Amino acid sequence: MVHVYNCHPFASQQIVQVEQEPGLVCCGGGALFVVATGGCKVEAYSLDQEGCPLICRFATMGTVKSIRHSKIGDYLVTIEEKNSATYLRAYTNWRYQAEEKARVGVRLLGHLLRGASLRGGVQTEIIEIPLSERPVTVACCSVTGDLLVACENTLVLFTLRRQNQQNMSQNQQNLPLPNTQQSSSQTQGQTSSSNQNFSILDFERSIILHVPGIKPKQVALCAEYVAVQAELEVLVLKLESSFEPKEAEECLDTQKYDDVEDQSDFLFLPRNQELLGDRAKNCDISVSIEKTGLEDRGQYTLSYVLFRRFSPDFSQGCSVEDTQLHSLQLHPLFISNQSHEEPACVFCFFSLPNAGFLYSLKGGVELLSAYQYPEKVLEAVLTNHLLHVITKSAVQCFTVRCAAVAARIEDPYIDTTMKACPHSTLEVCALRMQLFIGLRSVCVYGRHVILLSAADTETQEETERITQRRSLELKDHTMLTGIFLAVGIDPTTTPALDSLLSRPFLTRKWTMSSPKETSTAGHGWNLYVVDTVSPITLYNEMVEYSQRYAETNPQSQSLQHLLGEAHLLLRASLLQTEPENMEGGFVQTDTQRSATTDRQELEEAFRENCAQLGDCFSRGSPKDCHLALPYYRMSGLSITEVMARNRPLPSSPHCYGPGFLFFLKHYLLEETEQSLSQEAADEMIDIFSQSEPSQLISVCASPSMIHLSPDRTLQILKHLEDTTGVSVPLTITMATMALRVDDMLQYTQLMDRHAEMLLVYGFIEESRLLLHGGGGGQHTHIRPTALARQLARSQPGLLVAAMVALHENNKVQLEQADCLFKELGCENCLQVDFWEAMLMASSQEAVIQEILFRVALVYIDRLTNSETHPKPSHTPPARRSLKSAEDLINSCSHYGALYPWLTVLCPVHMSSAQHQDALHKLQSLLCGPSLSVGSVVPLLERLSDETLWGFSLHLLCATRREQYGSSIEKLLDRCPQAIIAYANHQLQDKNMALWWQKLLPELCNRTRAAMDNSILLAALKETLVVVAMEMSPAEFLELIPDDGTAAYFVPHLLACSQRHLMT
């Protein structure tokens, strides 16, 4: 479907003062090139100056049949005829023909001028490009300046090179041509003395593509894409060069095409076919590559991109001429955040007389738009903003979707809640027609549309074509009539057969001659330059036009569509890296001065358009209501401004659009520093109490609503509770409002309604009742609410449990929880309680190891501070931890039961309860299975081992590291009464041998030195009991020392022998 809007895209027009009737026209580089009908002269007119004055004129070497301009290199290429021969020529430095007695050099491709011709300075050059076949059509690449020539069954690619004069005498090194163009300041007043270091353009024949299955009528070239158009077929290829030599098949396909010219007795009708991407290789057209470059520049790979074939529609009796393709174009689009070396997007356009087709090629082939024309179109030209088409009597503009594709490449946040853009499949629209008489051709440069018109006079070629066609029709009619008579059927007696034979489409000769040229005897011709309005002007007209829809039906699809068209029009302008009339390097000074102002005006209009689209979608259907959010965000409007634009009409005072409510909910969910005034916050409460009362809890919890009226809101919440019933989040919200008005009695009553576990579930459902900033990422600043501060004072256990639940439900991260407790001033108490609770609840190994290290560090700090800075007796005791060491041992697997020898080593003494609690918790961690001892040992260096509790910690670490030998020695030195308890617990199983290998020798030596030490004697006795139980009599006998004390060991040896006999 094509929408039609009465917006005028044209601003003014002027007639170019051409002396002779134009036959061919083209434009580029700020110039209009005109070739007179049947003439051998090219005239160039300036499009950048009022009245289009003549720049220069120069003669060609033959009758020009086709002419193209390349903006890269600023050269012209022509197909010329002379003496029944066809030539391909390129004209470089043509602007120097504006000088009197300008020099002209003629040379062959690759043969640069030398000697006197070179020393004369810059001059116009005519480059003869020899070909083995007759050229049919040419195309220039707007990105690289390369030249593509189509012959009968081949495509020849010529690479544009720039040769520097100072290197010409040394070598023929070719340098890549940069994507810049010659400045217009070079057009006049330059002499040979000022051009001693100029560059000369040349071409290098690169490759030849053999396409025997298609007869080119038009070709296009853009970057690495090659497009070929026949009468009813379009083929797009991608040609890539690789500098790494590799073996590759040069022929992409086997010969699948059967030449219909050899089947003279049959009539072949093509079928409609569309093959996109990889499927395009399944077409019946083979392509092979022939390299012709003199230098080895690597391998070329060719891939199929797009194939489209049309079948003539004879249902209305039309001929092939009425269904022939035309206006093939490959259009690049550059965006501001990419270099000019490669376009961000490449589009392919081609047209039938009644329909046009626009495809996007990069990033996946996609049909963007199909244009249905109201009448037969002769030619069409695609630009960034509009598609210009001409019929015999009018020129019309259609909108395009190039900006929608480019916007999604430039900005990855398109189609999110942050930004939006109308989709590329949005239906196109046609703008107002401009009537002309006898239009023949169209071309576009920047905002200039050049139109050639001539009166409807029958040319000699048309007469010959009509005569030839009638002759073919008569021949076909006679042949088919003879066939029917031969089988006994008289077509004249059968009306259906007679009607069939009267149609002119049965000839297999579907080709038509070249495009029309105006007769030399013609009259009434004109060459117009029609200027389109600026994008901002057309945008303003579209906005004005949209007001009639807004007044009659603000929710109409036509209003959304028209505003979307205006949006894409502005996007296309903002995406450009430079104004269109800077194309070719010929920049107007006025444009340079006003570029910044124009962009600011475009950006302001863009924000205005986003606001209008936001209004449209805020009141629209629920299907697209989510688009109000990104458009309002791009508009830059504040929340109060959006609310003012969406106040309901007096006829429906309680009706708010779904898109508006969607926007408000997302705004309130955001963690923003912007807070609403009391008036705006109260209005927000009213909006949701009328439209979506179930969202009131989330609205009240938003940080933006900090200034709402708590008394008024509390009454609304009570009414909601009476309507919907009691719920935990609603009760907590009401308690928050009561807290804000300092009604502690009501606050306590509300909080006592539910058990603590139910309150925790309520905080999980709406975490912003406790904290603000939790959803903004790891580094977002966390702010506790007034309720969180109150809980820290009155119900710390509930606060800790709620924070653990929020962490385990991914509502808050560990670092954010730490920030919350620091904001509350509880980093030394509640924060540690939170960590201990996390060890009981969490199952994430990384989190567990992090917290284990943190709590170990806290316990060590507490022990260090209590040792170095003991509190005076009059100091009030610090707040007790929520969980004691015994609680943690009983409820958390990461805290292990204290080893029995620790009780002997460190009995309960007169130290503070906090010191004892920290010691037992740290000892329990070291006795547990989870704490990495290696990470704790460096921290324990801060603790002295002079005290028994400090020594116990160091001994625990050494034992966990299986340093039993040194541990036994240290323990015997410091606390021998604990050695048996230590050995009974630690020296078991695989370590049992240490009883007699380490402990027994140590006790013997120490007892011998201190015979009166009862503790050592008791330990020795206990050790001998264990050794006697574990060893055989022979092994035990070997352990008895030979120092005369054997009698002491005899009873134990006897016990060992008796046990051995019993077993």
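Since the model is a prediction, treat every value here as computed from it, not as a measurement.

1. Examining the overall build of the protein chain
Argument step 1. Per the secondary structure count, the protein chain includes 33 helices and 36 strands.
Argument step 2. Looking at the protein chain as a whole, 51% of its 1063 residues qualify as buried.
Argument step 3. Sequence separation of at least 24 residues holds for 67% of the intrachain contacts in the protein chain that already meet a minimum separation of 6.
Argument step 4. Carbon and sulfur atoms make up 51% of the accessible area of the protein chain, which totals about 49100 Å².

2. Details of the packing of helix α27 (residues 948-960) against helix α28 (residues 964-974)
Argument step 1. Here α27 crosses α28 at 165 degrees, and the two axes come no closer than 9 Å. In terms of orientation, α27 and α28 fall into the roughly antiparallel class. As α27 packs across α28, the resulting crossing turns out to be left-handed. Seen from α27, the contacting residues are L948, F951, L955, A958 and T959; seen from α28, they are Y964, S967, K970, L971 and R974.
Argument step 2. In terms of residue class, the contact of α27 with α28 is built from six nonpolar, two polar and two charged.

3. Examining the environment of C819
Argument step 1. Along the polypeptide, C819 turns up in helix α20 (residues 814-823).
Argument step 2. Between the C-alpha atom of C819 and that of Q831, which follows or precedes it by twelve residues, the distance is 9.4 Å.

4. Looking at the packing of helix α3 (residues 402-410) against helix α7 (residues 557-575)
Pairs of packed helices are described in terms of their axes, by the angle between the two and the distance that separates them.
Argument step 1. Contact geometry of α3 with α7 gives a least axis separation of 9 Å together with a crossing angle of 55 degrees. Comparing their axes, α7 and α3 come out oblique. Once α3 is placed against α7, the crossing between them reads as left-handed. Taken together, the residues of α7 that come into contact with α3 (itself represented by A403, A404, A406, A407 and E410) are L568, R571, A572 and L575.

5. Examining helix α29 (residues 979-986)
Argument step 1. Along α29, the residues that are buried comprise I979, I980, Y982, A983 and Q986. Taken down its axis, α29 places every buried residue within 160 degrees of arc, on the same side.
Argument step 2. Elements that come into contact with the buried residues of α29 comprise α24 (900-905), α27, α28, α30 (994-1009) and α31 (1014-1030).

6. What about the pairing of strand β22 (residues 299-309)?
Remember that side chains alternate between the two faces of the sheet whenever the strand is regular.
Argument step 1. Counting buried residues in β22 gives nine out of eleven residues, a clear majority hidden from the surface.
Argument step 2. By the bridge criterion, four bridges tie strand β20 (residues 273-276) to β22 in an arrangement that is antiparallel. Bridge pairing in β22 places Q273 opposite R309.

7. Points about the packing of aromatic side chains
Working definition: an aromatic ring pair is given by the centre-to-centre distance plus the angle between the planes.
Argument step 1. Here the structure, examined in full by the defined rule, presents 21 aromatic pairs.
Argument step 2. Counting every residue linked through ring pairs, the aromatic cluster contains F310, F350, F357 and Y359.
Argument step 3. Across the ring face of Y87, the terminal group of R89 is positioned such that the distance to the ring centre comes to 4.5 Å.
Argument step 4. Geometry around F951 places R974 over its ring, the cationic atom sitting 4.9 Å from the centre.

8. Let's talk about the sheet that holds strand β32 (residues 439-445)
Argument step 1. In space, the four strands of this open sheet follow the order β2-β34-β33-β32, with antiparallel pairing throughout. Bordering the open sheet on either side are β2 (10-15) and β32, each of which pairs with just one other strand. The mean angle between the axes of side-by-side strands here comes to 20 degrees, regardless of whether they run parallel or antiparallel.
Argument step 2. When β2 meets strand β34 (residues 526-532), the two strands line up antiparallel, connected through five bridges.

9. Let's talk about helix α15 (residues 728-740)
Argument step 1. With 13 residues, α15 should cover 18 Å at 1.5 Å per step; its first-to-last C-alpha distance of 19 Å lies within 8% of that length.
Argument step 2. α15 sits mainly inside the fold: twelve of its 13 residues count as buried.
Argument step 3. Restricting attention to buried positions, one finds in α15 the residues V728, P729, L730, T731, I732, T733, M734, A735, T736, M737, A738 and L739.
Argument step 4. Those residues of α15 that are buried lie in contact with α13 (696-701), α14 (710-724), α16 (744-751), α17 (756-765) and α18 (786-794).
Argument step 5. Taken from the residues just after α15, D742 is the one with a positive phi, measuring 60 degrees.

10. A short note on unusual backbone geometry
Argument step 1. We note that S84 has phi near 65 degrees; this positive angle belongs to a residue other than glycine.
Argument step 2. With respect to the element layout, S84 can be found in the loop between β8 (75-82) and β9 (85-92).
Argument step 3. At D989, a residue that is not glycine, the phi angle is positive and equals roughly 55 degrees.
Argument step 4. In this structure, D989 sits in the loop between α29 and α30.

11. A closer look at a negative patch on the surface
Argument step 1. Residues D598, E601, E604 and E608 make up a contiguous surface patch of negative charge.
Argument step 2. Position of E608 relative to the elements: it lies in helix α8 (residues 589-618).

12. Some words on the pattern of salt bridges
Argument step 1. Evaluated as defined, the whole model comprises 36 salt bridges.
Argument step 2. Of the charged contacts in the structure, one is a salt bridge between D415 and R408, with a shortest N-O distance of 2.8 Å.
Argument step 3. With a shortest N-O distance of 2.6 Å, D686 and R712 are connected by a salt bridge. You can see D686 sitting in helix α12 (residues 678-691) and its partner R712 sitting in helix α14, a full 26 residues away along the chain.
Argument step 4. On the accessibility criterion, D686 (23% relative accessible area) is partly exposed.
Argument step 5. Accessibility expressed as a relative area gives 33% for R712, which makes it partly exposed.

13. Description of the nonpolar core
Argument step 1. Judged by nonpolar contacts, the single largest core of 186 residues is most densely connected at L451, M684, F763, L799, M803 and F834.
Argument step 2. At ten residues, helix α22 (residues 845-868) tops the list of elements feeding residues into this core.
Argument step 3. Setting aside anything within four residues of it in sequence, one finds L451 in contact with I390, V395, F436, L439, S441, V442, N526, L527, Y528 and V530.
Argument step 4. In this structure, L157, L237, Y300 and F334 belong to the second largest nonpolar core, which totals 51 residues.

14. So, the sheet that holds strand β25 (residues 355-360)
Argument step 1. Strands sit in the order β23-β24-β25-β26 across an open sheet of four strands; the sheet is antiparallel. Taken across any chain shown, the strands that pair with only one partner, and hence form the sheet edges, are β23 (326-333) and β26 (366-372). Ignoring strand direction, the axes of neighbouring strands in this sheet form an average angle of 15 degrees.
Argument step 2. With six bridges connecting them, β25 and β26 associate as antiparallel partners. Residue pairing in the sheet places F357 in a bridge with A370 of β26.
Argument step 3. Here α3 sits on the sheet in contact with β23, β24 (345-351), β25 and β26, set at roughly 165 degrees to β24.

15. Considering the environment of I450
Argument step 1. Looking at the element boundaries, I450 is found in strand β33 (residues 448-453).
Argument step 2. With relative accessibility at 0%, the residue I450 sits in the buried group.
Argument step 3. Once residues within four sequence positions are removed from consideration, I450 is found in contact with C27, L32, L47, S441, V442, C443, Y445, L527, Y528 and V529.

16. Examining the side chain of N93
Argument step 1. Mapped onto the fold, N93 is located in the loop between β9 and β10 (104-108).
Argument step 2. On the basis of relative accessible area, N93 is assigned to the buried category, the value being 12%.
Argument step 3. Side-chain polar atoms of N93 contact the backbone oxygen of Q123, separated by 3.1 Å.

17. Topic: the confidence of the model for the protein chain
Argument step 1. Considering every residue of the protein chain, the mean pLDDT works out to 83; 80% of them sit at 70 or more.
Argument step 2. Contacts for the low-pLDDT stretch residues 873-877, under 50 throughout, to residues beyond four places or in other chains number one contact.

18. Focus: the side chain of N384
Argument step 1. Examined against the element boundaries, N384 turns out to sit in the loop between β27 (379-382) and β28 (386-390).
Argument step 2. Within the structure, the side chain of N384 is placed 2.5 Å from the side chain of H331, a separation counted as a polar contact.

19. Remarks on the pairing of strand β29 (residues 394-399)
Argument step 1. Most of β29 sits inside the fold, with six of its six residues counted as buried.
Argument step 2. Of the two faces of β29, the one carrying A394, Q396 and F398 and the one carrying V395, C397 and T399 are both buried.
Argument step 3. In this sheet, β29 lies alongside β28 in antiparallel orientation, the contact comprising five bridges. Of the residues in β29, the one forming a bridge with I390 is V395.

Rules of the game
Residues numbered from 1 in each chain as written. Predicted model: local features only at pLDDT ≥ 70, side-chain atom pairs only at ≥ 80, totals over all residues. Heavy atoms only, no water. Helix = DSSP H or I, 4+ residues; strand = E, 2+ residues; numbered from the N terminus. Buried < 20%, exposed > 50% of the residue type's maximum accessible area, 1.4 Å probe, protein only. Contact = heavy atoms within 4.5 Å. Areas by Shrake-Rupley, 256 points an atom, 1.4 Å probe, with all protein chains shown as cover. Axes fitted to C-alpha atoms, helices over the stretch in contact; angles between N-to-C directions. Parallel < 35°, antiparallel > 145°, perpendicular 65-115°, else oblique. Left-handed = near helix turned anticlockwise from the far one by under 90°. Nonpolar A, V, L, I, M, F, W, Y, C, P; charged D, E, K, R; others polar. Arc of directions from axis to C-beta. Pairing = 2+ DSSP bridges. Phe/Tyr/Trp six-rings, centres within 6.5 Å; stacked < 30°, edge-to-face > 60°. Lys NZ or Arg CZ within 6 Å of the ring centre and 35° of its normal. Expected span 1.5 Å × (residues − 1). Patch = residues over 30% accessible without salt bridge, like charges linked within 9 Å, V, L, I, M, F, W, Y side chains within 5 Å. Salt bridge = Lys/Arg side-chain N within 4 Å of Asp/Glu carboxyl O. Lys, Arg positive; Asp, Glu negative; His and termini not counted. Charge placed at Lys NZ, Arg CZ, Asp CG, Glu CD. Core = buried A, V, L, I, M, F, W, Y, C linked by side-chain atoms within 4.5 Å. Polar contact = N/O pair within 3.5 Å; in protein donor to acceptor, adjacent residues only side chain to side chain. pLDDT = per-residue confidence, 0-100.

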